[in-house]
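Here is what each chain is made of, one letter per residue.
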Amino acid sequence: MSEATALLGNYLVVGALLFVIGLIGFVVRRNTIVMFLCAEMMLQGVSVSLIGWGRYHDDWGGQMLVLFIIAVAAAEAGIAMALVMMLFHKSGTLDIAFWQDLRDEGLPRFVDRQIPEAREEEHVWPTLPVAGVEPVVDAEELLHRSRV
Amino acid sequence: MIGSGISTWIRSSLLARFDLSSMGRSLVFWGLAVSALGLCLALSNTGIRWRRLGHVIGGLGLVLLAIALPKLSDLSTVEKWTQQIVFWLLSGMAIGCSAAAVTARNPVYTAIWFAASLLGVAGLFLFQNAQFLGVATIVVYAGAIIVTFLFVLMLANPEGQANYDRISWAKFPVPLLVLSGAALVAFAAISFFEEPPPAASSGSGTLASSDHMAHLGGELFAKHLVSVEVVGTILLVALVGAVAIVIQGRERRVASSMKTDSILARRNA
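Conventions and cut-offs
In every chain, residue numbers begin from 1 and rise along the written sequence. Following the order in which they are written, the chains are lettered starting with A and the ligands numbered starting with 1. Residue-level local features of this predicted model are given only where pLDDT is at least 70; pairs of side-chain atoms are given and counted only at 80 or more, and the full residue set underlies all totals for whole chains, interfaces and linings. To obtain the side-chain values, all non-hydrogen atoms of the structure were used and water was disregarded. Numbering goes from the N terminus for both helices and strands, where a helix is a DSSP run of H or I of at least four residues and a strand is a run of E of at least two. With a 1.4 Å probe rolled over the protein chains alone, any residue whose accessible area is under 20% of its type maximum counts as buried; one over 50% counts as exposed, and the rest are partly exposed. Every residue pair with non-hydrogen atoms within 4.5 Å of one another is taken to be in contact. For the area figures, the Shrake-Rupley method with a 1.4 Å probe applies, and any residue is considered shielded solely by the protein chains shown. Here a patch means residues that are over 30% exposed by relative accessible area and free of salt bridges, tied together within 9 Å if like-charged and within 5 Å if nonpolar (Val, Leu, Ile, Met, Phe, Trp, Tyr). For this document, the term salt bridge refers to a Lys or Arg side-chain nitrogen within 4 Å of an Asp or Glu carboxyl oxygen. Residues scored as charged are limited to Lys and Arg (positive) and Asp and Glu (negative), so that His and the chain ends carry no count. We put the charge of a Lys on NZ, of an Arg on CZ, of an Asp on CG and of a Glu on CD. Classification of ring pairs rests on two measures: the distance between centres of Phe, Tyr or Trp rings, Trp counted by its six-membered ring, which must be within 6.5 Å, and the angle between planes, read as stacked under 30 degrees, edge-to-face over 60 and tilted in between. A simple way to read buried area is as the amount of 1.4 Å-probe accessible surface that goes missing from two parts once joined, with both sides added. Polar contact is defined as a pair of N or O atoms within 3.5 Å, subject to the rule that within protein one atom must be able to donate a hydrogen and the other to accept it, and that residues adjacent in sequence are counted only when both atoms are side-chain atoms. Put simply, Ala, Val, Leu, Ile, Met, Phe, Trp, Tyr, Cys and Pro go in the nonpolar bin, Asp, Glu, Lys and Arg in the charged bin, and everything else, Gly too, in the polar bin. Multiplying 1.5 Å by the residue count of a helix minus one yields the expected span of that helix. For the purposes of this section, nonpolar cores are sets of buried Ala, Val, Leu, Ile, Met, Phe, Trp, Tyr and Cys residues that join through side-chain atoms within 4.5 Å. To obtain each axis, a line is fitted to C-alpha atoms, and for helices this fit is confined to the stretch in contact; angles are then taken between N-to-C directions over 0 to 180 degrees. Any angle between 65 and 115 degrees counts as roughly perpendicular, while under 35 counts as roughly parallel, over 145 as roughly antiparallel, and the rest as oblique. By the definition used in this description, the sense in which the near helix is turned from the far one sets the handedness, with an anticlockwise turn below a right angle giving left-handed and a clockwise turn giving right-handed.

**Some remarks on the overall build of chain B**
Summing up its helical and strand segments, chain B has 11 helices and zero strands in all. Starting at the N terminus, the α and β elements of chain B follow one another as α-α-α-α-α-α-α-α-α-α-α. Among the 269 residues that make up chain B, the fraction classed as buried is 38%. When contacts within chain B are restricted to residue pairs at least 6 apart in sequence, those whose partners lie at least 24 apart make up 61%. With an accessible surface of roughly 15000 Å², chain B has 72% of that area assigned to carbon and sulfur atoms.

Set out below in C-alpha cells:
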C-alpha cells in the first residue's frame, strides 16, 4: 500500500470516528447546547475527511468545501443559540425532554426513573457560630457560585 | 422479481465486500469494538467507577486501533517515526477529547473538551498542508463559536449539575447505537483499505507549494466565486434571523408583562 493511500485511509478513519462520536452524542445527550456541540463535531469529522481526499487527489476542492463548512457552521451556531435561548425562556430549562411531546405518535413518553446522586463533595454542611454573636457576613461570599 | 434482483445485487456488491469472517480476524475491527464498548460504559448512568473503566477501555481500544491501522510510511528513519507519532498524538487528541466531550457530565466541560478536540483537528489540517484551514478552525471555531456557546450556557445557567446532564436517553438504544456506529467505521475502513488506489489524478499540483495563501485565494475567488457570494448572503441572513428571533421573543415577553402590569394596576386602582 502506498504512502498516499495509507495517509488517506488513516484520515478517513479519524474523520469517521469523529463523525460517529458526534452522532452518538447528539442522540444520547439531553442538554440542547451539548447536542448542538455534537452536531458541530460531526461537521469537523466531515472536514477531516474532505481535507484527506483533497490532498489525495491534489485538488483544492476539499479545502474550499471545508472553508464553506466553517462559514455555514458559524451562521448555524448563531441561529441555534438564538433558538436555544428562546426555548430556555419558554421552558426554564435546557432539557430537551421538556419538549418531548413533539415526538412521533405511538412512541412512549420518556420518564426519569432513576436519577443518579450528586457527588459527595457537593454537600458542604454549614457551620454554626457561637450563640449570641452575629456572624460576619461577607457580601461577596453570598453572591459567589462555587460551581458553574 | 424485483425483490430477487435487489437481493442478488445486495449479496454481490455489499456482502461480497464485507466478508464477516475476515472482519472478525482483523485487528481494526476489534480495536473499534473495544473502544465502542468503552464509550458505551462511559455513557452509562451508573456510578463513576464504571465510567472511569469505560474511559480506560476506550483508550485501550484507541491504542489497538492505532497499532492496527496501516502506518503512514515504512518507518525506516527517525523522521518517519516522528511523523507517525505526531499523527498518532494529533488524531488521538482529536478523538479522545471528542469522546470525553460526549461523556462529560457538565456542559461547560463538554465545551472545553470540544475546544481541545478542535486543537487536534487543526493540527491534523496543518499536517495535511491546509495551513489556512488549520488556523481558521482555531480562530473561528474554537475562538468564536465555542465562546458563543459558553456565553449562552452562562445566560441559561443550570445551578450545579442538572439531572438531565447526568442521565442520557433510554438505556437500550445506547449500546446499539455505539456498536452500529463502530460497525459503520469498521466497514468504511476495511472496505477502503482493500481497494486498489485509483489511477494517477490530474490534480493542480499546487496544493503543497509554499504560496499556500496565494493559491487558495486564487482558487477561491476564481472557481468558487458564486459560492463565496452565497455564503456571504447566508451569513447575513443568519445574522438578521438571529436578531429577529430574539427581538420577537422579547416583544412578546414585554407585551405579556405589560398586560399583567395593566391588569394589576386596574385591580389595585
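**Let's talk about unusual backbone geometry**
Although it is not a glycine, Asp58 of chain A adopts a positive phi angle of roughly 55°. Along the chain, the position of Asp58 of chain A falls in the loop between helix H2 (32-57) and helix H3 (61-91). Positive phi is not limited to glycine here, since Asn129 of chain B has a value of about 65°.

**As for a positive patch on the surface**
Among the surface-exposed residues, Lys90 of chain A together with Arg250, Arg252 and Arg253 of chain B lie close enough to one another that they form a single positively charged patch. The element that contributes the greatest number of residues to the positive patch is helix H11 (residues 225-268) of chain B, accounting for three residues. Looking at the secondary structure, you find Lys90 of chain A in helix H3. Judged by its relative accessible area of 57%, Lys90 of chain A is exposed.

**Brief notes about the packing of aromatic side chains**
Applying the stated rule across the entire model yields five aromatic pairs over all chains. Geometrically, the ring pair formed by Phe36 of chain A and Phe149 of chain B is tilted, given 5.4 Å between the ring centres and 45° between the ring planes. Separated into two different chains, Phe36 of chain A in helix H2 and Phe149 of chain B in helix H7 (residues 131-155) make up a pair that spans both. The buried category is assigned to Phe149 of chain B, whose relative accessible area is 1%. A network of ring pairs unites the aromatic residues Tyr11 of chain A together with Phe87 and Phe127 of chain B as a single cluster.

**With respect to the interface of chain A and chain B**
Contacts between chain A and chain B engage 85 residues on the former and 101 residues on the latter. Between chain A and chain B, a total of about 8600 Å² is buried, with carbon and sulfur atoms accounting for 74% of that surface. Applying the counting criterion to the chain A and chain B interface returns four residue pairs in polar contact (both at pLDDT 80 or more). Listing elements by their share of the side of chain A that touches chain B, those giving two or more residues are helix H1 (3-28), H2 and H3 of chain A. The element best represented in the side of chain A that touches chain B is H3 of chain A, accounting for 23 residues. Per-class residue counts for the side of chain A that touches chain B are 55 nonpolar, 15 polar and 15 charged.

**As for H3 of chain A**
Since the α-helix turns once every 3.6 residues, residues separated by three or four places project in the same direction. Under the 1.5 Å per step criterion, the end-to-end length of H3 of chain A is 43 Å for 31 residues, consistent within 8% with the ideal 45 Å. Looking at the residues trailing H3 of chain A, positive phi occurs at Gly92 of chain A, about 80°.

**Some thoughts on the nonpolar core**
By size, the foremost hydrophobic cluster in this structure holds 75 residues, and its most contacted members are Phe125 and Leu133 of chain B. Ranked by residue count, the leading element in this core is H3 of chain A, at 14 residues. Aside from chain neighbours lying at most four places away, what touches Leu133 of chain B is Ile51, Gln63, Val66, Leu67 and Ile70 of chain A together with Phe125 of chain B.

**What to know about the packing of helix H5 (residues 78-103) of chain B against helix H6 (residues 107-127) of chain B**
Residues and elements named next belong to chain B. The geometry of H5 relative to H6 is characterised by a closest axis approach of 8 Å and an angle of 155° between their N-to-C directions. By the criterion of interaxial angle, the relationship of H5 to H6 is roughly antiparallel. Two packed elements cross with a definite hand, and for H5 against H6 that hand is left-handed. For the pair formed by H5 and H6, the contact residues are Gln83, Val86, Phe87, Leu90, Ser91, Met93, Ala94, Cys97, Ser98, Ala100 and Ala101 on the first element and Thr110, Trp113, Phe114, Ala116, Ser117, Leu119, Gly120, Val121, Gly123, Leu124 and Phe127 on the second. In terms of residue class, the contact of H5 with H6 is made up of 15 nonpolar, seven polar and no charged.

Remember, this is a structural readout, not a statement about activity or role.
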